[in-house]
Amino acid sequence: MILTLEEMKTHLRLPLDPDSEIDPQLEDIEAAAVDYASMYLNRVIPWDSNGVPASIRQALLLIVGDMFENREAQNTQAQYHQNQAVDRLLHFYRVEIGI
C-alpha cells in the first residue's frame, strides 16, 4: 500500500478506529486508485526508491475520496466527470504520451 489507512481515514474524515469494518474496503479502494493512476501515468507506482512524490500521493487521496463517496452510485445516463485536480497533479509524471 502506498497510502496508509490513517491517511485515507483522515482525508475522508472517518474515525481513526483501528481494525474498523471499513478498513478492507478502504484497502480495496486504495488498490483501485493506484491502478487507475498507474494506467493514467503509463507506469507502475512507485517507480523509484525515493518514495512517491507528494503530488501523486495527493492525487491518490482525491481518487480514493471520489471512489469512497461514489462507491454505490449508479448512473443510468452514463455520464463521467473526470477530476481535473487529479489530472493536473498527475500530468507531469506521465510517460510515453506522444507529442
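Up top is the structure these notes are about.
Residues numbered from 1 in each chain as written. Predicted model: local features only at pLDDT ≥ 70, side-chain atom pairs only at ≥ 80, totals over all residues. Heavy atoms only, no water.

Undergrad: Explain unusual backbone geometry here, please?
TA: Residues apart from glycine generally show negative phi values, whereas peptide bonds are mostly found in trans. The omega torsion of the bond from isoleucine 45 to proline 46 falls at -10°, within 30 degrees of zero and hence cis. Residue position: proline 46 is located in the loop between α2 (23–41) and α3 (54–69). Positive phi, close to 60°, is recorded for arginine 13, a residue that is not glycine. Its location among the elements puts arginine 13 in the loop between α1 (5–12) and α2. (Helix = DSSP H or I, 4+ residues; strand = E, 2+ residues; numbered from the N terminus.)

Undergrad: Help me out: how do you make sense of the pattern of salt bridges in this one?
TA: Side chains that carry opposite charge are capable of pairing whenever their charged atoms lie near each other. Evaluation of the coordinates by the stated rule reveals 2 salt bridges. The salt bridge partner of glutamate 7 is arginine 57, with a shortest N-O separation of 2.6 Å. With a gap of 50 residues between them, glutamate 7 in helix α1 and arginine 57 in helix α3 connect regions that are remote in the sequence. Residue aspartate 23 pairs with lysine 9 through a salt bridge whose shortest N-O separation is 2.7 Å. Taken together, the residues aspartate 23 in helix α2 and lysine 9 in helix α1 connect sequence positions 14 residues apart. In this pair, the class of aspartate 23 matches that of lysine 9, namely buried. (Salt bridge = Lys/Arg side-chain N within 4 Å of Asp/Glu carboxyl O. Buried < 20%, exposed > 50% of the residue type's maximum accessible area, 1.4 Å probe, protein only.)

Undergrad: I tried to follow the packing of α1 against α3 on my own but got confused; where do I start?
TA: When two helices pack together, their arrangement is captured by the angle between the axes and the distance separating the axes. In the contact formed by α1 and α3, the axes pass within 10 Å of each other and the chain directions differ by 60°. The handedness of the crossing between α1 and α3 comes out as right-handed. Contact residues: α1 offers Glu7, Met8, His11 and Leu12, while α3 offers Arg57, Gln58, Leu61, Leu62, Val64, Gly65 and Phe68. Its residues assigned to classes, the contact of α1 with α3 comprises 6 nonpolar, 3 polar and 2 charged. (Axes fitted to C-alpha atoms, helices over the stretch in contact; angles between N-to-C directions. Left-handed = near helix turned anticlockwise from the far one by under 90°. Contact = heavy atoms within 4.5 Å. Nonpolar A, V, L, I, M, F, W, Y, C, P; charged D, E, K, R; others polar.)

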